[in-house]
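# Chain and residue survey
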Amino acid sequence: MKRQVLLFILIVCLRLVFGQVSYSIPEEMAKGSLVGNIAQDLGLDVKRLKLGNAHVYSGDSREYIELNSERGVLLIKERIDREALCGETTPCAVHFQIVLENPMEFYSVTILIQDQNDNPPQVLYPVQTGGSLVAEMVPRSADVGYLVTKVVAVDVDSGQNAWLSYKLQKATDRALFEVGLQNGEIRTIRQVTDKDAVKQRLTVIVEDNGQPSRSATVIVNVAVADSFPEVLSEFTDFTHEKDYNDNLTFYLVLALAVVSFLFITCLVVIISVKIYRWRQSRILYHSSLPVIPYYPPRYSDTLGTGNLQHVYNYEVCRTTESRKSDCNFGRAGSQNVLIMDPSSTGTMQRTQNEKSILDEPDSPLEV
């Protein structure tokens, strides 16, 4: 601690002996940006900086600047925010020393920080409360020039960047109010009449004088009425009017999109089914595949001439005068009949002899 105090006293005593230099740079310069050629400005040789182990001494303050002894230049070590460094103090400057050894030399360096228009104006009044409603009362008996309210704003920048101007951007009735360009006062410019709406909304824009200019917007609600109950009845839904309209529009657009999507989807599905069925019918119509007939159970094809039941009976009836008719029945001979048993694995052959039905004229024929 003593060595630091002695070094600081020595620097103060000798700062005018070896020389000093000052620079002016804008705030918010990027890290590694060039500040100045300290070796050239102080008349020093780059070798002297290297052999003298030159370094930056800033005391207890934060080091924003670094020395490149290889090139003999000063560089930005950390981005400088003028408002955070100096606040409302002007001018804003950074002071430090360049210290060389063998022999000991001290050089004072001052860097002025120029303000940049990097901050927009901040509105202090009227307070933007979001959900709740704040309205200024104007009686219907107000004359020309009646002071409604005053917009108050500040800018943390310095110089001309902090000069503010006020403009009326939108209004329910632009012929009723005006805003002072320099002071932000809102006044009436004509006599208030009974025909004027109770709810009046003014949009005031606050601009600074920087290049490029930055701005802020404030909404001022004005109630033209003589009594508070009249204002309360008129302003009941004033707060939620914009949000309600925005939500209604969103839901209407969403519903339209959903209905359109469902309609298009159903239309595509119906067309796809129709096309599929039409293609299937055309394929079957032009197909050359053989048709496979369906045979009922217990039927088989015999010699390709038809379907006969595996087990079958014949029953023939004739009248008593059949002998006199021209229709003669041939005498059935012996036949070999194959009886198919679905529940068995083989066949059984039998010989059936039939007697002629012509030998007994009055008896019916049974087989």
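So, here is what we can say about the structure in this document.

Analysis parameters
- Residues numbered from 1 in each chain as written.
- Predicted model: local features only at pLDDT ≥ 70, side-chain atom pairs only at ≥ 80, totals over all residues.
- Heavy atoms only, no water.
- Disulfide = S-S within 2.5 Å.
- Buried < 20%, exposed > 50% of the residue type's maximum accessible area, 1.4 Å probe, protein only.
- Pairing = 2+ DSSP bridges.
- Helix = DSSP H or I, 4+ residues; strand = E, 2+ residues; numbered from the N terminus.
- Axes fitted to C-alpha atoms, helices over the stretch in contact; angles between N-to-C directions.
- 1 Å grid on protein atoms, 1.4 Å probe; cavity = no way out; pocket = protein on both sides within 12 Å on 5 of 7 lines; lining within 4 Å.
- Points joined across faces, edges and corners; volume = space filled by probe spheres on them.
- Nonpolar A, V, L, I, M, F, W, Y, C, P; charged D, E, K, R; others polar.
- Salt bridge = Lys/Arg side-chain N within 4 Å of Asp/Glu carboxyl O.
- Patch = residues over 30% accessible without salt bridge, like charges linked within 9 Å, V, L, I, M, F, W, Y side chains within 5 Å.
- Areas by Shrake-Rupley, 256 points an atom, 1.4 Å probe, with all protein chains shown as cover.
- Core = buried A, V, L, I, M, F, W, Y, C linked by side-chain atoms within 4.5 Å.
- Contact = heavy atoms within 4.5 Å.
- Polar contact = N/O pair within 3.5 Å; in protein donor to acceptor, adjacent residues only side chain to side chain.

## Here's the deal with the state of the cysteines
For the structure shown, the criterion picks out one disulfide. In this model, Cys86 is linked to Cys92 through a disulfide, with the two sulfur atoms separated by 1.8 Å. Judged by the torsion about the S-S bond (65 degrees), the Cys86/Cys92 disulfide is right-handed. For Cys92, a relative accessible area of 4% translates into the label buried.

## So, the sheet that holds strand S15 (residues 199-208)
Here four strands make up an open sheet; going across it, the order is S9-S16-S15-S12 and the pairing mixed. If you trace the sheet from one side to the other, it starts and ends with strand S9 (135-138) and strand S12 (164-171), each paired once. Strand-to-strand twist across the sheet, computed as the mean angle between neighbouring axes with direction ignored, equals 35 degrees. Two strands pair when backbone bridges link them, and S9 and strand S16 (residues 215-224) are joined in this way by four bridges, in the parallel orientation. Its bridge partner lying in S16, Val138 is registered against Val224.

## Things to note about empty space enclosed by the protein
Scanning the entire structure with this criterion turns up one cavity of 30 Å³ or more. Computed from the structure, the largest cavity encloses a volume of approximately 50 Å³. For the largest cavity, the lining is made up of ten residues, of which Ser58, Glu63, Tyr64, Val94 and Phe96 are closest to its centre. The element best represented in the lining of the largest cavity is strand S6 (residues 93-100), accounting for three residues. When grouped by side-chain class, the residues that make up the lining of the largest cavity number five nonpolar, three polar and two charged.

## Some details on the pattern of salt bridges
The tally for this structure, following the rule as stated, stands at ten salt bridges. Where Glu207 meets Lys167, a salt bridge forms, and the shortest distance between an N and an O atom there is 3.6 Å. Here the residue Glu207 occupies a position in strand S15, and Lys167 occupies one in strand S12, the gap between them amounting to 40 residues.

## A look at a nonpolar patch on the surface
Together, Phe250, Tyr251, Leu254, Val258, Phe261 and Leu262 make up a nonpolar patch on the protein surface, roughly 660 Å² of accessible area in all. Mapping Tyr251 onto the fold places it in helix H6 (residues 241-285). Residue classification places Tyr251 among the exposed residues on the basis of a relative accessible area of 54%.

## Some details on the nonpolar core
Ile38, Leu74, Phe96, Ile98, Val109 and Ile111 are the most contacted members of the largest nonpolar core, which totals 28 residues. Here Phe96 is in contact with Val56, Tyr57, Ser58, Ile65, Leu74, Tyr107, Ser108, Val109 and Ile111, once residues within four sequence places are set aside. Formed by 20 residues, the second largest nonpolar core is a distinct cluster that contains Leu164, Phe177, Leu202 and Val222.

## With respect to the side chain of Arg48
Residue position: Arg48 is located in helix H3 (residues 46-51). A polar atom in the side chain of Arg48 sits 2.8 Å from the backbone oxygen of Pro103.

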